[in-house]
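Each chain is listed here by its residues.
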Amino acid sequence: MRSLKIIGGHKVILLEGLHKHFGHLHVLKGIDLQVKTGEKLVVIGPSGSGKSTLIRCMNLLEKPSSGKVVVDGVEITAHKAPVAKVRQSVAMVFQQFNLYPHKTVLENLTLAPTLIKGVSKEEAEVSGMAILERVGLKVKANAYPSQLSGGQQQRVAIARALNMKPKIMLFDEPTSALDPEMIQEVLDVMVDLAHEGITMVVVTHEMGFARQVADRVLFMDEGEVLETGTPEHFFTNPTHERTKLFLSRIL
Ligand code: ADP
Ligand code: MG
């Protein structure tokens, strides 16, 4: 069997010259980005700046118009790349939880590992129950999504992603659809996860979360990365006027 070329070393995500067009709309305008193994990257920026498109390119939910995406050493934009295999190691959590409504919480957790990874049902249930315990929802294993609050549903969505044992977790505004009183319980789960060393890319407006866990914050505007830096840099000394304006509006 042909061996895959390993690119990028300890960089688990590598984007090079990434462009995305939707018809005439130029949404990503040449993004270069490297995410290190274990890094927590928080992506901020105004609505419509391309944040979702950017992270969706990291698992090819969106196909870039040009440029290169390398995930865990494999160039997934290459011809005949093993996209399905790489996707197994990149989990995504969305603003809308997208749980399977006719499956119980535990079934939501065991479906992908058994169908896609070939894990046995028993094994997927054991690991699923352990993860549910971790997110504080073991007692809800046999409930259906409609019987849960929004915060609980999003914690199940995170648990479901974790039961695939991913190397990378992508979060696209995971708390934006939640009632205010439910935001913290989801952020707590994410903070707990961050302390475990998994690589995380998080699009969020939760600046408290960014301060607490981000190794690096990236500010996007109109399809470009305008500024990156540590949370300290961002919140005390942003360079660009547009960054300052954005922060003044959301803080
Ligand atoms: P953000 O997540 O920062 O709000 P998005 O990446 O969702 O930004 O969108 C960036 C731009 O691309 C927006 O103008 C949006 O309307 C457009 N866009 C996103 N997805 C599509 C699509 N599937 N088809 C056409 N336009 C899209
Ligand atoms: Mg978005």
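What you see is a predicted model, and the numbers here were worked out from it, not measured in a lab. Note that residues are indexed from 1 along each chain, following the sequence as it is written. Key to labels: chains lettered from A, ligands numbered from 1, both in the order written. Under the rules for a predicted model, residues below a pLDDT of 70 receive no local features and side-chain atom pairs below 80 are neither given nor counted, while totals for whole chains, interfaces and linings still include all residues. Remark: hydrogens and water are excluded; side-chain values derive from all non-hydrogen atoms of the structure.

(A) Up close: the overall build of the chain. A run of H or I in DSSP becomes a helix once it reaches four residues, and a run of E becomes a strand once it reaches two; helices and strands are each numbered from the N terminus. Within the chain, the secondary structure is distributed over nine helices and 10 strands. It is over C-alpha atoms that the radius of gyration is taken, and the globule rule equals 2.2 Å times the number of residues to the power 0.38. In summary, the chain has a C-alpha radius of gyration of 18 Å against a globular reference of 18 Å for 251 residues, a match within 12%. Across its three principal directions, the C-alpha atoms of the chain cover 50 × 50 × 35 Å. For every residue, the accessible area (1.4 Å probe, protein chains only) is compared with the maximum for its type, and the residue is labelled buried under 20%, exposed over 50%, or partly exposed between those bounds. Here the chain holds 251 residues, and 52% of them are scored as buried. Any two residues whose heavy atoms approach within 4.5 Å are treated as being in contact. In the chain, 66% of the contacts between residues at least 6 apart in sequence involve partners at least 24 apart. Areas reported as accessible are Shrake-Rupley estimates using a 1.4 Å probe. Residue values count occlusion only from the protein chains shown. Carbon together with sulfur atoms contributes 51% to the accessible area of the chain, which is approximately 12200 Å² in total. Positive and negative charge centroids in the chain, built from 29 and 27 side chains respectively, lie 7 Å apart. Counted as positive: Lys and Arg. Counted as negative: Asp and Glu, with His and the chain ends omitted from the count. For charged residues, the charge sits on one atom: NZ in Lys, CZ in Arg, CG in Asp, CD in Glu.

(B) Region of the structure containing the layout of surface pockets. There is about 540 Å³ of room inside the largest pocket. Points on a 1 Å grid, built from protein atoms alone, make a cavity when a 1.4 Å probe fits but cannot get out and make a pocket when they are open with protein on both sides within 12 Å along at least 5 of 7 lines; residues with an atom within 4 Å of a point are the lining residues. What lines the largest pocket is a set of 21 residues, and nearest its centre among them are V90, A91, M92, A112 and M164. Elements that contribute at least two residues to the lining of the largest pocket include exactly helix 2 (83-87), strand 6 (90-93), helix 3 (105-116) and helix 5 (150-162). Grid points are joined across faces, edges and corners, and a volume is the space filled by probe spheres set on the points.

(C) Here's a closer look at the pairing of strand 2 (residues 25-36). Strands are treated as partners if at least two bridges between them are detected by DSSP. Sheet analysis places strand 1 (residues 11-22) next to strand 2, joined by nine bridges and oriented antiparallel. Across the sheet, the residue bridging to L15 is L33, located in strand 2. In sequence, strand 1 turns back onto strand 2 through a hairpin of two residues, with G23 there showing a positive phi of about 60°.

(D) Seen up close, the site of ligand 1. Put simply, a residue is near a molecule or strand once any heavy atom of it comes within 4 Å of that molecule or strand. If you check the shell around ligand 1, you find F22, L25, V27, P46, S47, G48, S49, G50, K51, S52 and T53 and nothing else. Any pair of nitrogen or oxygen atoms within 3.5 Å is treated as a polar contact; in protein, a donor-acceptor pairing is required on top of that, and neighbouring residues in sequence qualify only through side-chain atoms on both sides. G50 has a polar backbone atom sitting 3.1 Å from an oxygen atom of ligand 1. In the model, an oxygen atom of ligand 1 is placed 2.8 Å from a nitrogen or oxygen of the S52 side chain. Protein chains shield 59% of the accessible area of ligand 1, which is 560 Å² for the free molecule. Taken together, the elements giving at least two residues each to the shell around ligand 1 come down to strand 2 and helix 1 (51-57).

(E) Just the pattern of salt bridges, in detail. The term salt bridge refers to a pairing of a side-chain nitrogen on Lys or Arg with a carboxyl oxygen on Asp or Glu at a separation within 4 Å. Under the criterion given, the structure shown has 12 salt bridges. When the shortest N-O distance is used, the salt bridge between K167 and D72 registers 2.7 Å. Of this pair, K167 sits in the loop between helix 5 and strand 7 (168-172) while D72 sits in the loop between strand 4 (66-71) and strand 5 (74-75), and the two are 95 residues apart along the sequence. The exposure class assigned to K167 is partly exposed, which follows from its relative accessible area of 45%. Note that R134 is salt-bridged to D192, the shortest N-O span being 3.3 Å. Within this pair, whereas R134 is found in helix 4 (residues 121-134), its partner D192 is found in helix 6 (residues 180-194), the two being separated by 58 residues in sequence. D192 gets classed as partly exposed once you look at its relative accessible area, which sits at 34%. Each of the salt bridges in this network shares a partner with another, and the network as a whole consists of K20, R56 and E62.

(F) Up close: the packing of helix 3 against helix 5. A fitted line through C-alpha atoms serves as each axis, taken over the contacting stretch for helices, and the angle formed by two N-to-C directions is quoted from 0 to 180°. Where helix 3 contacts helix 5, the axes come no closer than 8 Å and their chain directions differ by 30°. If you check the angle between helix 3 and helix 5, you find them roughly parallel. The element helix 3 and its partner helix 5 pack so that their crossing is right-handed. Contacts between helix 3 and helix 5 involve V105, N108 and L109 from the first element and V156, A159 and R160 from the second. Residues of the contact of helix 3 with helix 5, tallied by class, amount to four nonpolar, one polar and one charged. Throughout this description, any angle smaller than 35 degrees is read as roughly parallel, any larger than 145 degrees as roughly antiparallel, any in the 65 to 115 degree range as roughly perpendicular, and the remainder as oblique. Each helix crossing is assigned a hand: it is left-handed if the near helix lies turned anticlockwise from the far helix by less than a right angle, otherwise right-handed if that turn is clockwise. Ten residues, namely Ala, Val, Leu, Ile, Met, Phe, Trp, Tyr, Cys and Pro, are considered nonpolar, four, namely Asp, Glu, Lys and Arg, are considered charged, and the remaining ones, Gly among them, are considered polar.

(G) Focus on helix 6. To estimate how far a helix should reach, multiply one less than its number of residues by 1.5 Å. Taking 1.5 Å of rise per residue, the 15 residues of helix 6 would be expected to cover 21 Å, and the 22 Å separating its terminal C-alpha atoms lies within 8% of that figure. If you check which residues of helix 6 are buried, you get M182, I183, V186, L187, V189, M190, V191, L193 and A194. As for helix 6, its buried residues are in contact with strand 3 (40-44), helix 4, helix 5, strand 7, strand 8 (199-203) and helix 7 (207-213).

(H) Quick look at the UniProt feature "domain: ABC transporter" (unreviewed entry) in the chain. UniProt positions are given in the numbering used here, feature names are shortened, and annotations may be inferred rather than shown by experiment. As annotated in UniProt, the feature "domain: ABC transporter" (unreviewed entry) corresponds to residues 13-247 in the numbering used here. Across residues 13-247, the secondary structure splits into 37% helix and 26% strand, with the terminal C-alpha atoms separated by 27 Å.

(I) Layout of the sheet that holds strand 8. With respect to topology, six strands assemble into an open sheet ordered 6-7-8-3-9-10, the strand pairing being mixed. Edge positions in the sheet fall to strand 6 and strand 10 (224-229), since each of these pairs with one other strand and no more. Direction aside, neighbouring strands of the sheet carry axes that sit 20° apart on average. Sheet topology note: the strand 9 (residues 216-221)/strand 10 ladder contains five bridges and is antiparallel. Within the sheet, the bridge partner assigned to M220 lies in strand 10 and is V225. Against the sheet, helix 6 contacts strand 3, strand 7 and strand 8, and its axis sits at roughly 150° relative to strand 8.

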